[in-house]
Amino acid sequence: MSPHVPSKDYAAHYRSLWTEIAPELERVFHEENPIMGASVDAFEREFADYLGAQHVIGVGSGTDALILALRCLGIGPGDEVLTAANTFAATLTAILSVGARPVLVEPDPESWTIDPARVEAAITERTKAVIPVHLYGRLCDMSRLVPMCAEHGLPIIEDAAQAHGARAERTAGTFGKFGCFSFHPSKNLGAFGDGGAIATDDAEASQRLRELRNLGKRGKHEFVHVASNSKLDTLQAAVLRIKLRHLDAWNAQRVAHATTYYSELSDLPELQLPSPTVAGAHVFHLFAIHLDQRDALRAHLASHDVRGGLHYPTPPHLQPMAADLGYVSGDFPIAEASARRQLSLPIAPELSTDQIRFACGRIRDFFSR
Ligand SMILES: *Cc1c(COP(=O)(O)O)cnc(C)c1O
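The following paragraphs examine the structure supplied in this document.

Below, the discussion takes up the overall build of the chain. Scanning the chain from terminus to terminus reveals 12 helices and 11 strands. Its C-alpha atoms give the chain a radius of gyration of 21 Å, within 12% of the compact-globule value 21 Å for 369 residues. By residue count, 56% of the 369 residues in the chain fall in the buried class. Considering only contacts within the chain whose residues lie at least 6 apart along the sequence, 70% involve residues at least 24 apart.

Below you can see the structure in the form of structure tokens.
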């Protein structure tokens, strides 16, 4: 039995899609190549159209999307890459994987996305790229970041792993040189397994990325780069094609759940709810609240079978993998406070309004209101 209010319910999600997915999987098994089948091409085209990008390159994961975008720019040892101090660890993993140095920048404590003024202050002559992370599904302040990075000649690689379909002047993943997506099952657009993609308007870069995801191959028998093997699977592409048609409706359901949380919880002074932004610019991959009594509230919710998540309890600069960077506790007080105070409330689109209301009721009991 899954909890009364789980953070997500894959079984319910796929039950609702099964009549679409089952015949398509059967067709793909009978008609397509297991590797780079026609579904991969079709999904790349459809996702590019959805985003308003010229090219999409399907890869093995969101982490690989970031690594390949960095490699495509020739970023490596001696280079610095700026990113948010409160991101998911994989953003750092990608920068470290190409041998570059992640230089972390505090988030804004209202939006929890990277603070553009602090990005500008952190630029040195070694800085080679900026990776803004549309954390929790909310667009970063791109109207400030894009012109500022252009002025400094710095390419932007968007980590849009949590923000499929978030929009302001453009769609998440199309503001920068590259937009990197994850299709991990938990994301707003998720496969039944790992997957990822890179969006770009640069035809030459898209060609190089197609080589870099496929053992550095150009044509059938020429290997021009030492590169990984990280392609999007045909089957995952087939699942993603079906799910892409539902993405906007699912994002709208997430926004509807967020609206329920705002209306039921806004009067609780103990809680910092996500700060408002323009419609469409937050797709609520997570509904992240901040509060002092985070652990006690989370335990109270768990006792009523309501699952709250932590994103993320240890900031990346304090992870063992980052030890060589020399960061210590206290270096990023905003990100560290977020790690102690952040709680993700259930918001998956397959949850019902009653389940969200039930979670709100248990939060109100906790504060005895
Ligand atoms: C999920 C995620 C990634 C990594 O994606 P994978 O597909 O799991 O490799 C990177 N950055 C952020 C912000 C993420 O949420």
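Here the largest pocket defines a volume of roughly 660 Å³. Along the walls of the largest pocket sit 40 residues, with K8, H184, S186, K187 and H285 positioned nearest its centre. At the level of secondary structure, the elements contributing two or more residues to the lining of the largest pocket comprise α1 (10-31), α3 (62-72), α4 (89-97), α9 (247-265) and β11 (342-345). In terms of residue count, α3 provides more of the lining of the largest pocket than any other element does, 3 residues in total.

Any aromatic ring pair is given by two values, namely how distant the centres are and how the planes are angled relative to each other. Summed over all chains, the structure comprises 13 aromatic pairs. A ring pair is formed by F284 and F287, whose centres lie 5.8 Å apart and whose planes are at 25 degrees; its orientation type is stacked. In terms of burial, F284 and F287 fall into one category: buried. In this structure an aromatic cluster arises from ring pairing among F43, F47, Y50, F181 and F183. For R101, the ring lying beneath its charged end belongs to Y327, and the centroid distance is 5.9 Å.

The 4 strands lie next to each other as β1-β7-β6-β5, forming an open sheet whose pairing is mixed. Bordering the open sheet on either side are β1 (55-59) and β5 (157-159), each of which pairs with just one other strand. Neighbour-to-neighbour, the strand axes of this sheet turn through a mean angle of 20 degrees, independent of strand direction. In this structure, β5 lies alongside strand β6 (residues 178-182), joined through 3 bridges in parallel fashion. Bridge pairing in β6 places D159 opposite C180. Along the sheet, helix α2 (residues 38-51) contacts β1, β6 and β7 (196-200); its crossing angle with β1, the most-contacted strand, is approximately 130 degrees.

This next bit is on empty space enclosed by the protein. Counted by the stated rule, this structure contains 3 cavities of 30 Å³ or more. For the largest cavity, the calculated volume is near 60 Å³. Residue lining of the largest cavity: E110, S111, W112, Y136, R138, P274, S275, H282, L286 and A288, and that is the complete set. Across the lining of the largest cavity, the residue classes break down as 5 nonpolar, 3 polar and 2 charged. Estimated volume of the second largest cavity: approximately 60 Å³.

On to the nonpolar core, then. By size, the foremost hydrophobic cluster in this structure holds 51 residues, and its most contacted members are F43, F47, L51, L82, V119, F183 and L189. Residue assignment for this core shows that the elements contributing at least two residues are α2, β2 (80-84), β3 (101-105), α5 (116-122), α6 (142-151), β7 and α8 (234-244). Of all the elements, α2 adds the most residues to this core, at 6 residues. Setting aside its immediate chain neighbours within four residues, F183 contacts F43, F47, H164, L189, G190, A191, G193, G195, G196, A197, L232 and L240.

What follows is about helix α12 (residues 353-366). Relative to the 20 Å expected for 14 residues at 1.5 Å per residue, α12 spans 20 Å between its end C-alpha atoms, a close match to the ideal helical length. On its buried face, α12 sits against α9, α10 (294-303) and β11.

About the thresholds
Residues numbered from 1 in each chain as written. Predicted model: local features only at pLDDT ≥ 70, side-chain atom pairs only at ≥ 80, totals over all residues. Heavy atoms only, no water. Helix = DSSP H or I, 4+ residues; strand = E, 2+ residues; numbered from the N terminus. Rg over C-alpha atoms; globule rule 2.2 N^0.38 Å. Buried < 20%, exposed > 50% of the residue type's maximum accessible area, 1.4 Å probe, protein only. Contact = heavy atoms within 4.5 Å. 1 Å grid on protein atoms, 1.4 Å probe; cavity = no way out; pocket = protein on both sides within 12 Å on 5 of 7 lines; lining within 4 Å. Points joined across faces, edges and corners; volume = space filled by probe spheres on them. Phe/Tyr/Trp six-rings, centres within 6.5 Å; stacked < 30°, edge-to-face > 60°. Lys NZ or Arg CZ within 6 Å of the ring centre and 35° of its normal. Pairing = 2+ DSSP bridges. Axes fitted to C-alpha atoms, helices over the stretch in contact; angles between N-to-C directions. Nonpolar A, V, L, I, M, F, W, Y, C, P; charged D, E, K, R; others polar. Core = buried A, V, L, I, M, F, W, Y, C linked by side-chain atoms within 4.5 Å. Expected span 1.5 Å × (residues − 1).

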